[in-house]
Amino acid sequence: MTGKARWLAARLGNAVVVVFGVATASFLAVHLAPGDPVRTLLGPQALTGTVEQVRHELGYDQPLLTQYLRFLGSLLHGDLGTSYQLQEPVSRLILSQIGSTAQLAVAGFVLAMAVAVGLAIATSGRRPFWRRVSSLFELIATASPTFWTGIVLLTIFSFHLNLFPAAGAGLRGLVLPAVTLALSLVGVFTQMLRQGMEQALDQPFTLSARARGVGETSVRATHALRHALIPVVTLSGWVVGNLLGGAVVVETLFTRQGIGQIMAAAIASRDLPVVTGVTIVSAVIFIVVNLVVDVVYHLVDPRLRTEGRA
Amino acid sequence: MNSERHRRPPGRVIRLAAAALTLLASAGCGVLAGADPASAPDGVLTFATNAQPECLDPQVSPLDVTALVDRSVFDSLVSMTPDGKFHPWLATSWTVSPDQRTYTFHLRHGVVFHDSAPFDASAVKATLDHAVDPKTRSKYAARLVRGYTGATVLDADTVQVALSRPDASFLQALSTAYLGIQSPKSLSQNANNLCERPVGSGPLRFVSWDHNSKITLTRYDAYDWGPASAAHTGPTALRGVVFRFVTDDSVRFGMLASGQADMVDFLPNSKVATVRRSDALHVYRAPAPGAVYQVYFNVSHGPLADERVRQAVRASIDLDALVKAVTFGQFQRAWSPLGPATLGYDPQVVGSWQHDPALAGRLLDEAGWTGRDAEGFRTKNGVRLSLLWPYSPRVEQPDRQVLAQGIQAEVKQAGIDLSFVPTDAGKLGDEVVKGNLDIFDNSFERAEPDILRYIYSSKETPANGGGNLSYIASPELDGWLDAAVATSDPATRAAAYGKAQQYLVQHAVALPIWVPEHIVGALSRVRGLSFSPEAQPLFYDVSLASS
């Protein structure tokens, strides 16, 4: 086994442990929360006979350990179960929703990154007035709750100017939700990038690039930016969490499809298979992103590459 | 080598960013040049409401929004009008046996479900059997037809339904969307997918459900069997209805004001006056029948077990002023646990108590709460007069939370320490079953006074899956409530319900707060809107005028 393969195997082993832990934690969270899960599921007006029947069907009358082993057993078969509420396979439910969330998250991320890169290149270590304007914008964007930003954008661009629909699919319907989500990230991105770039611009390699006659834009866009990207990559875990969390709020406000919404409803109604299913899928996304980040690290930071070989 | 690097174009990230910006910019241009985002005049009505169904099988879901959507997809055997009368629909006529336990329905001929299955007596039997089948996991419909013991198909156009005991509320139950008749073909072949793909014989066909976003219905062109109570016959004038699920009140209102929705549900009380002043918008409203929004006093636990304390709490609250302030003057203050739009409502209870802080003080003194602690609250034997009112922040509507804070402030004047405590839904359920609380609040929409039995009968304790949140066990009250549902004579029923309401008010078992109203905002081009007896908007007679 080569070093790289061993590294990958260890990572995958870790991933399995994490998924197992996450599955167990979400199972326990649903089962140990106060209240009768079957009554919560069926609501106050279901007949007592129905409640007892469903309790038996779902295995809630079994000891917790039996329920847990059963749950693990079906999970090992790759079966996420069937939603108690929608009476639909959880895997199908998640597949039908995750595309919409991914679309929103990617659009929000790309938009935030594009604006942040533009602002950082334009204002790092120069144009003090515009740098201050940009800083103010970053502060406001970071400090505003996503919900509030969304309402403001809706009021202006949808209700008054009628440019974009308040609720709707397609590219046009994606614009306001993506901008709302991007605004929650753009402040942090810009500040990190600018700080990194300003550090980089003081470095000897910048001086030597300038000495070789490289133009200012090129110095910033290639040399300094690459240096400044490293801390942003480190932040990826936070970014993914923020994107998924922000997506719940944005999806609610703009009545978009998405797994966040499904999850919120499932938690309220104790729809165990959906709660564990979405949690496991989110954990897998998280793990994959972190794996990708590690690989990207190796690409962005040459020091890691040589260390790896040593 | 070095010189080559200089000339290399900016890095990959920059190119990606530039591409993304171009993409977004072109998307934006497309929008500006594209169609008007306001709903196009194509005969499809966009209706924005605040919640989405969890399952579209009408026999499963208890939610109002399910009934709202399913009302257009499913027909019922009979239709009810707000005046309490029943009219033919899928049943052209019916007879009731002298012992009130057998209903014989003669069915309409030629009705075809959306999946081409014909409607006949077996469809009625299949639907009722489905409602009470434990496998259905019914959350509401099974309760509506609790006395159902079975149906007999006499011939294709005649069905006999048997009940275990007389039930005066049975026809009303059948008239609701919750007992809409399903295609028997769908019930057997689509059994695992009834939540996601409802098949009825109603004026609009189900097309799709994008979870969290919208449900699309389209006109059923063959429809020719509308209820006798409708304003027109034949298919709908609308080509379809799109239900959008918009949780936020201000976003729903914005969609209406900008013409992105033709109608919005639950117009906030604070916006009603604005909409009224506009020529382009209209307000439609229907008072909800059934149990009004009320506060239940736990009569079998703690300080409120003493009737004088309950009277004192009631007398200490200036309800007229409170309701007016909280609802922006939109809701009528309630006097009876039963709404004025419900059969059997007793107007005699109006004005039967007053806001009287002095009386409240005297009653509390009489009840022995004469001491005062450091914070000014009344005490008895060193124990503070404190009341617990738990609620679920996820479920409780904001105006009700404001009201509770108002009540809290009013009773504090009388020396009562009322805690209005946000509680996790699961824990709240446990406490409700155990009766570990002093005050609870809710409302139940139903066009049938029998709802009182669900919330005040001693057999309907929360532990039994009932709604008796006053935890009252009064043989007198049980007697009236049971008698009223065992007879079909309207006068006898009304008399029994009158006694029940007077009892509840006289003994301060609950405090009726306000009569909920379904307030809908609509563009002026929406014509022909009416409401079901349960205060739900009906789309069958609606049309869109070309403006």
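Residues numbered from 1 in each chain as written. Chains lettered and ligands numbered in written order. Predicted model: local features only at pLDDT ≥ 70, side-chain atom pairs only at ≥ 80, totals over all residues.

1. Some words on the overall build of chain B
- On a plain count of helices and strands, chain B comes out with 17 helices and 26 strands.
- Expressed as a percentage of its 547 residues, the buried residues of chain B come to 50%.
- Residue pairs at least 24 apart in sequence account for 70% of intrachain contacts in chain B once pairs closer than 6 positions are excluded. (Helix = DSSP H or I, 4+ residues; strand = E, 2+ residues; numbered from the N terminus. Buried ≥ 20, exposed ≤ 12 C-beta atoms within 10 Å, placed from the backbone. Contact = placed C-beta atoms within 7 Å.)

2. As for the overall build of chain A
- Summing up its helical and strand segments, chain A has 14 helices and zero strands in all.
- Its helices and strands in sequence order give chain A the pattern α-α-α-α-α-α-α-α-α-α-α-α-α-α, from N to C terminus.
- A principal-axis box enclosing the C-alpha atoms of chain A has dimensions of 85 × 65 × 30 Å.
- Taking all 310 residues of chain A together, the buried fraction comes to 39%.
- Sequence separation of 24 or more characterises 71% of the internal contacts of chain A that already satisfy a separation of 6 or more.

3. Quick notes on the sheet that holds strand β20 (residues 439–445) of chain B
- Spatially, the four strands line up as an open sheet ordered β14-β21-β13-β20 (chain B), and their pairing is antiparallel. The sheet is open, and its two borders are formed by β14 (332–333) and β20 of chain B, each paired with just one other strand. (Pairing = 2+ DSSP bridges.)

4. Thoughts on the confidence of the model for chain B
All names here are of chain B.
- Across chain B, pLDDT averages 90, with 92% of residues at or above 70.
- By mean pLDDT, helix α1 (residues 2–7) is the weakest element of chain B at 36, and strand β5 (residues 102–107) is the strongest at 98.
- The low-confidence segment residues 1–40 (pLDDT under 50) makes 44 contacts with residues lying over four places distant or belonging to another chain.
- Scoring the predicted complex yields pTM 0.87 and, for the interface, ipTM 0.85. (pLDDT = per-residue confidence, 0-100.)

5. Notes on the sheet that holds strand β4 (residues 91–96) of chain B
Residues and elements named next belong to chain B.
- In space, the four strands of this open sheet follow the order β4-β5-β7-β6, with antiparallel pairing throughout. The open sheet has two edge strands, β4 and β6 (148–155), and neither has a second partner. The average undirected angle you get between the axes of adjacent strands in this sheet is 20°.
- Here β6 pairs with strand β7 (residues 158–163) via six bridges, running antiparallel. Counted as the bridge partner of Asp155 is Thr158 from β7. (Axes fitted to C-alpha atoms, helices over the stretch in contact; angles between N-to-C directions.)

6. Description of the interface of chain B and chain A
- At the junction of the two partners, chain B supplies 56 residues and chain A supplies 61 residues.
- Among the elements of the structure, α1, α2 (12–33), α5 (141–144), β10 (240–245), α8 (249–257) and α14 (425–434) of chain B are those that each provide at least two residues to the side of chain B that touches chain A.

7. Notes on the nonpolar core
- Core analysis: the biggest nonpolar cluster contains 161 residues, and Ala112(A), Ala116(A), Ala182(A) and Val145(B) have the highest contact counts within it.
- It is helix α5 (residues 90–123) of chain A that contributes the most residues to this core, 17 residues altogether.
- Two domains share this core, each providing at least three of its residues, namely domain 1 (36–51 + 203–288 + 517–547) and domain 2 (71–188) of chain B.
- Setting aside residues no more than four positions away along its own chain, Val145(B) makes contact with Leu128(B), Ala131(B), Val132(B), Ala173(B) and Leu179(B). (Core = buried A, V, L, I, M, F, W, Y, C linked by C-beta atoms within 7 Å. Domains from an automatic or database assignment.)

8. Section: the domain arrangement of chain B
All names here are of chain B.
- What the domain assignment lists for chain B is domain 1 (36–51 + 203–288 + 517–547), domain 2 (71–188) and domain 3 (289–515).
- For domain 2 versus domain 3, the separation of C-alpha centres amounts to 35 Å.
- On the domain 3 side, the residues contacting the nine residues of domain 2 number ten residues.
- Counted by class, the side of domain 2 that touches domain 3 contains four nonpolar, four polar and one charged residues. (Nonpolar A, V, L, I, M, F, W, Y, C, P; charged D, E, K, R; others polar.)

9. As for the pairing of β7(B)
Residue and element names in this part refer to chain B.
- Only one face of β7 is buried: it carries Val159, Val161 and Leu163, and the other face, with Thr158, Gln160 and Ala162, is open.
- Relative to β7, β5 runs antiparallel, the two sharing five bridges. Paired with Tyr103 across the bridge in β7 is Val161.
- Turn length for the β6-β7 hairpin, with the two strands adjacent in sequence and antiparallel, is two residues.

10. Digging into the environment of Gln100(B)
Residues and elements named next belong to chain B.
- Secondary-structure assignment places Gln100 in the loop between β4 and β5.
- Taking the C-alpha atoms as reference points, Gln100 and Ser488, 388 residues apart in sequence, are found 8.0 Å from one another.
- Aside from chain neighbours lying at most four places away, what touches Gln100 is Pro166 and Ser488.

11. Considerations on helix α7 (residues 146–160) of chain A
- Relative to the 21 Å expected for 15 residues at 1.5 Å per residue, α7(A) spans 20 Å between its end C-alpha atoms, a close match to the ideal helical length.
- Maximal helix bending in α7(A) amounts to about 35°, located at Leu154(A).
- Contacts from the buried residues of α7(A) go to α8 (170–201) and α11 (236–253) of chain A together with α8 of chain B.
- Backbone geometry just after α7(A) places Asn162(A) at a positive phi near 55°. (Expected span 1.5 Å × (residues − 1). Bend = angle between axes of the 7 residues up to and from the residue.)

12. Some remarks on unusual backbone geometry
- Although it is not a glycine, Asn162(A) adopts a positive phi angle of roughly 55°.
- As for its position among the elements, Asn162(A) is in the loop between α7 and α8.
- A positive phi is found at Ser116(B), a non-glycine position, where the angle reads about 75°.
- Of note, Ser116(B) is situated in the loop between β5 and α4 (121–132).

13. A closer look at the environment of Gln408(B)
Residue and element names in this part refer to chain B.
- Tracing the sequence through the fold places Gln408 in helix α13 (residues 398–413).
- The class of Gln408 is partly exposed, set by 16 C-beta atoms lying within 10 Å.
- A sequence separation of eleven residues divides Gln408 from Ser419, and the C-alpha atoms of the two residues are 7.4 Å apart.
- Gln408 has contacts with Leu418 and Phe420, leaving out every residue within four places of it along the chain.

14. Some points on the pairing of β20(B)
Residues and elements named next belong to chain B.
- With six of its seven residues buried, β20 lies for the most part within the structure.
- One ladder, built from six bridges, connects strand β13 (residues 290–297) with β20; its direction is antiparallel. The partner of Tyr296 across the bridge, within β20, is Phe440.

15. Some words on the confidence of the model for chain A
- In this model, chain A carries an average pLDDT of 85, and 96% of its residues clear a pLDDT of 70 or more.
- Within chain A, the lowest mean pLDDT, 57, falls on helix α14 (residues 302–309) of chain A, and the highest, 92, falls on α7(A).

16. Examining the packing of α11(A) against helix α12 (residues 259–268) of chain A
Residue and element names in this part refer to chain A.
- Two numbers describe how α11 lies on α12: the axes approach to 8 Å, and their chain directions differ by 85°. One way to sum up the angle between α11 and α12 is to call them roughly perpendicular. Taking contact as the criterion, the partners of Leu244, Ala247, Val248, Glu251 and Thr252 in α11 are, on α12, Gly260, Gln261 and Ala264.
- Of the residues contributing to the contact of α11 with α12, the split by class is four nonpolar, three polar and one charged. (Parallel < 35°, antiparallel > 145°, perpendicular 65-115°, else oblique.)

17. Re the packing of helix α10 (residues 307–315) of chain B against helix α12 (residues 357–366) of chain B
Residue and element names in this part refer to chain B.
- At a minimum axis distance of 8 Å, the contact between α10 and α12 shows a crossing angle of 160°. Comparing their axes, α12 and α10 come out roughly antiparallel. Read as a crossing pair, α10 and α12 show a hand that is left-handed. Residues Arg308, Val309, Gln311, Ala312 and Ala315 of α10 form the contact with α12, whose participating residues are Leu359, Ala360, Leu363, Leu364 and Glu366.
- Here the residues of the contact of α10 with α12 are counted per class, giving seven nonpolar, one polar and two charged. (Left-handed = near helix turned anticlockwise from the far one by under 90°.)

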